[in-house]
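Each chain, letter by letter, is given below.
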Amino acid sequence: MRGVSRSITVGTRGSALALAQTRWVVARLKEEWPDTEFRIQTISTKGDRDRSSLETLAQKGDKGFWVKEIEDALLSSRIDIAVHSLKDLPTAQPEGLEISSIPKRVEARDALIGKEGMKRLVDLPQGARIGTSSVRRKAFLRAFRPDLDVKDLRGNVDTRLAALAGNEYDAIILAAAGLTRLEMRNRIDELVDPDILLPAPGQGALALETRSDDDLAVEVAYAIHDRATDDRTTAEREFLAGLGAGCMAPVGALATLKGGVLTLEGWVGALDGTQVIRATIEGDADECADLGAQLAEDMLAQGAQALIDAAKV
Ligand SMILES: NCc1[nH]cc(CCC(=O)O)c1CC(=O)O
């Protein structure tokens, strides 16, 4: 039996999704550390309170939008482990904090939920109104189907589902992993092919963040680490970092692993859908960080910076 002498406080945002994924993490940690006591502490972030439009948020380019207050709680030892959606986490951690564990990712793709007769992207009629919360989805959807009316839709998963029930949208797109964690996988009408809509870097994966010098919390968290997910998401996030971009940029990345070979695909799109730069790189999984950085360089040479900058204004 493994146990640690002190209780561990796990902190997260208070949204239904954040709580569902934190309860999942704590249940997994409990399996590994049956004699340890875990507590869950919720913390409100700027992202939970700000009701600005997507464009305004992208303009602010605010990196720690969903995480600043949680990282402050870690640094002041009010919590010991923070649970984040990896895609919301800036690509660099503040001094004194580190990502000490990345559990296995089950689903990176985006999901479509539509009204009757609108249950697949290819079946949507001309001009169908699609609600989404990210500039990445907007850019890639408009590139795939310029005829669609892609509209802003912010809020938590419940808010977005309620909006679909109203008259303003014919379909909505959101991360499949979030719906799965909320036990709403049965609501998904289509898992969108990554060839149409490349997921956000790190989408669907979780990250456990700790103080770097808290050996106990680091060890506890690491018990549910998944090496393959780490390699894949490291490549994806290094790509994002190499572009100098964050989670509010029109950037997609998805890495796959086969027999130690990592293949990373990256896209950068114009918000109006008129252009998508796509590139792929392949190499040894041990070089995952370098592969991401190299792909970013390749894309910058192809003019990616202008698309990223344009999406901010
Ligand atoms: N920015 C919000 C956010 N952060 C993580 C998820 C979903 C779960 C995940 O990607 O791990 C979502 C909602 C969404 O994109 O639909």
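Parameters and conventions
Residues numbered from 1 in each chain as written. Predicted model: local features only at pLDDT ≥ 70, side-chain atom pairs only at ≥ 80, totals over all residues. Heavy atoms only, no water. Pairing = 2+ DSSP bridges. Helix = DSSP H or I, 4+ residues; strand = E, 2+ residues; numbered from the N terminus. Axes fitted to C-alpha atoms, helices over the stretch in contact; angles between N-to-C directions. Left-handed = near helix turned anticlockwise from the far one by under 90°. Contact = heavy atoms within 4.5 Å. 1 Å grid on protein atoms, 1.4 Å probe; cavity = no way out; pocket = protein on both sides within 12 Å on 5 of 7 lines; lining within 4 Å. Points joined across faces, edges and corners; volume = space filled by probe spheres on them. Nonpolar A, V, L, I, M, F, W, Y, C, P; charged D, E, K, R; others polar. Buried < 20%, exposed > 50% of the residue type's maximum accessible area, 1.4 Å probe, protein only. Salt bridge = Lys/Arg side-chain N within 4 Å of Asp/Glu carboxyl O.

## Some words on the pairing of strand 13 (residues 276-284)
Here is step 1: Summarising the sheet, strand 12 (residues 261-269) and strand 13 pair through nine bridges and their orientation is antiparallel. Considered in strand 13, the bridge of Leu-264 is made with Ile-281.
Here is step 2: The antiparallel pairing of strand 12 with strand 13 creates a hairpin that spans six residues between the two strands, and Gly-273 there sits at a positive phi of about 80°.

## Some thoughts on the packing of helix 9 (residues 227-242) against helix 10 (residues 288-301)
Packed helices, taken two at a time, are described by the angle between their axes plus the distance between the axes.
Here is step 1: Between helix 9 and helix 10, whose axes approach to 7 Å, the crossing angle comes to 35°. For helix 9 against helix 10, the interelement crossing comes out right-handed. Listed contacts from helix 10 to Asp-231, Thr-234, Ala-235, Glu-238, Phe-239 and Gly-242 of helix 9 are Cys-288, Ala-289, Gly-292, Ala-293, Leu-295, Ala-296, Met-299 and Leu-300.

## What to know about empty space enclosed by the protein
Here is step 1: As enumerated under the stated definition, the model contains one cavity of 30 Å³ or more in all.
Here is step 2: What the largest cavity holds in volume is close to 80 Å³.
Here is step 3: The set of elements that each furnish at least two residues to the lining of the largest cavity consists of helix 1 (16-32) and strand 3 (81-85).
Here is step 4: With three residues, the top contributor of residues to the lining of the largest cavity is strand 3.
Here is step 5: Each residue belonging to the lining of the largest cavity can be placed in one class, and the counts come to five nonpolar, four polar and two charged.

## So, the layout of surface pockets
Here is step 1: Put simply, the largest pocket is a space of about 950 Å³.
Here is step 2: In terms of lining residues, the largest pocket is bounded by 48 residues, among which Trp-66, Lys-87, Asp-88, Ser-133 and Arg-160 are the most central.
Here is step 3: Secondary-structure elements contributing two or more residues to the lining of the largest pocket are helix 1, helix 2 (46-49), helix 3 (54-60), helix 5 (135-144), helix 6 (157-165), strand 8 (171-175) and helix 7 (176-181).
Here is step 4: Taken together, the residues of the lining of the largest pocket break down into 24 nonpolar, 13 polar and eleven charged.

## Thoughts on unusual backbone geometry
Here is step 1: Phi at Ser-77 takes a positive value of approximately 60°, unusual for a residue other than glycine.
Here is step 2: The phi dihedral of Glu-183 falls on the positive side, at around 55°, and the residue is not glycine.
Here is step 3: Structurally, Glu-183 is set in the loop between helix 7 and strand 9 (190-191).
Here is step 4: Relative accessible area serves as the criterion here: at 73%, Glu-183 is assigned to the exposed category.

## Here we look at the sheet that holds strand 12
Here is step 1: A sheet is described by the order of its strands in space; here three strands give the open sequence 11-12-13, paired in antiparallel fashion. A strand with exactly one partner marks an edge of an open sheet, and here the two such strands are strand 11 (251-258) and strand 13. Each neighbouring strand pair of the sheet contributes to a mean axis angle of 15°, computed without reference to strand direction.
Here is step 2: Sheet analysis places strand 11 next to strand 12, joined by eight bridges and oriented antiparallel. Looking at strand 12, one finds that Val-251 is bridged to Val-268.
Here is step 3: Seen against the sheet, helix 10 touches strand 12 and strand 13 and runs at an angle of roughly 150° to strand 13.

## Details of the side chain of Glu-236
Here is step 1: Looking at where Glu-236 falls in the secondary structure, it is placed in helix 9.
Here is step 2: Judged by its relative accessible area of 0%, Glu-236 falls in the buried class.
Here is step 3: Not counting residues up to four positions away in its chain, the partners in contact with Glu-236 are Arg-105, Ala-200, Pro-201, Gly-202, Ala-253, Leu-254, Ala-255 and Leu-264.

## Here we look at the pattern of salt bridges
Here is step 1: One pass over the structure, following the stated rule, counts 20 salt bridges.
Here is step 2: In this structure, the salt-bridge partner of Arg-105 is Glu-236, at a minimum N-O distance of 2.8 Å. A residue pair is termed long-range when its members are at least 10 positions apart, and Arg-105 in the loop between strand 4 (97-101) and strand 5 (110-114) and Glu-236 in helix 9 qualify at 131 residues.

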